[in-house]
Amino acid sequence: MRILVLNGPNLNLLGSREPEIYGLETLADIEVLMRNQAADLEDVELAFLQSNHEGVLVDAIQDHRDWDGLIINAGALTHTSVAIPDAITSVGITTIEVHLSNIFAREAFRHHSYISPAAWGMITGFGYRGYLVALDLLHDLLTEEAAIEDLDED
Ligand code: DQA
């Protein structure tokens, strides 16, 4: 099971960026935690990419079109990008949207996500823990889907 973890603009600054909102963990810390969790799940391969550029994120989604799942925190592009959800829908990858902060408890412009209609669901407000929950949920769903496919083949 191959899962891509994408992070958008300014998330490279995690750890020092407004820690009272986003927490003290760096993106590298989150990667380590996710890799440890993936090792426990055994059958999961992870790839990580952070970019401040919308087109790089779109390219990454297209390049991983054959992968099984996507965990994405698009940062501020959540509230502006049509190209990212279009890429997700175009390749049909099962997606969970993650936000460290609770976007609904913040400024009104953060309340709308263009990503959500293209995603299976959203986890928002639980800090770095959201990425770990997303990995668990995606693993569960993909395992269930594979079991259903096996049944259909019998
Ligand atoms: C964010 C929330 C966005 O509104 C913001 O622009 C970010 C981070 C979050 O993880 O809470 O960059 O996606």
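Everything below is about the structure shown above.
This text gives an overview of the structure that appears in the document.

This part covers the site of the ligand. Every residue close to the ligand is listed here: Arg17, Tyr22, Asn73, Gly75, Ala76, His79, His99, Leu100, Ser101, Ile103 and Arg110. Arg17 has a polar side-chain atom sitting 3.1 Å from an oxygen atom of the ligand. His99 places a side-chain nitrogen or oxygen 2.8 Å from an oxygen atom of the ligand. Structurally, the ligand is housed in the largest cavity. The class makeup of the residues in the shell around the ligand is four nonpolar, five polar and two charged.

With that settled, the discussion passes to the nonpolar core. Of all hydrophobic cores here, the largest spans 23 residues; its most connected members are Ile3, Met34, Leu46, Ile71, Tyr131 and Leu135. It is helix α5 (residues 129–153) that contributes the most residues to this core, six residues altogether. Setting aside anything within four residues of it in sequence, one finds Tyr131 in contact with Val5, Asn7, Ile30, Met34, Ile71, Asn73, Val98 and Leu100.

The next subject is a nonpolar patch on the surface. Judged by side-chain polarity, Trp120, Val133 and Leu137 come together as a nonpolar surface patch covering roughly 280 Å² of accessible area. Turning to its location among the elements, Trp120 is positioned in the loop between β4 (94–99) and β5 (121–124).

What counts and what doesn't
Residues numbered from 1 in each chain as written. Predicted model: local features only at pLDDT ≥ 70, side-chain atom pairs only at ≥ 80, totals over all residues. Heavy atoms only, no water. Near = heavy atom within 4 Å. Polar contact = N/O pair within 3.5 Å; in protein donor to acceptor, adjacent residues only side chain to side chain. 1 Å grid on protein atoms, 1.4 Å probe; cavity = no way out; pocket = protein on both sides within 12 Å on 5 of 7 lines; lining within 4 Å. Sits in = over half its atoms within 2 Å of the grid points. Nonpolar A, V, L, I, M, F, W, Y, C, P; charged D, E, K, R; others polar. Core = buried A, V, L, I, M, F, W, Y, C linked by side-chain atoms within 4.5 Å. Buried < 20%, exposed > 50% of the residue type's maximum accessible area, 1.4 Å probe, protein only. Helix = DSSP H or I, 4+ residues; strand = E, 2+ residues; numbered from the N terminus. Contact = heavy atoms within 4.5 Å. Patch = residues over 30% accessible without salt bridge, like charges linked within 9 Å, V, L, I, M, F, W, Y side chains within 5 Å. Areas by Shrake-Rupley, 256 points an atom, 1.4 Å probe, with all protein chains shown as cover. Salt bridge = Lys/Arg side-chain N within 4 Å of Asp/Glu carboxyl O.

Geometric descriptors of this kind do not, in isolation, establish any biological role.
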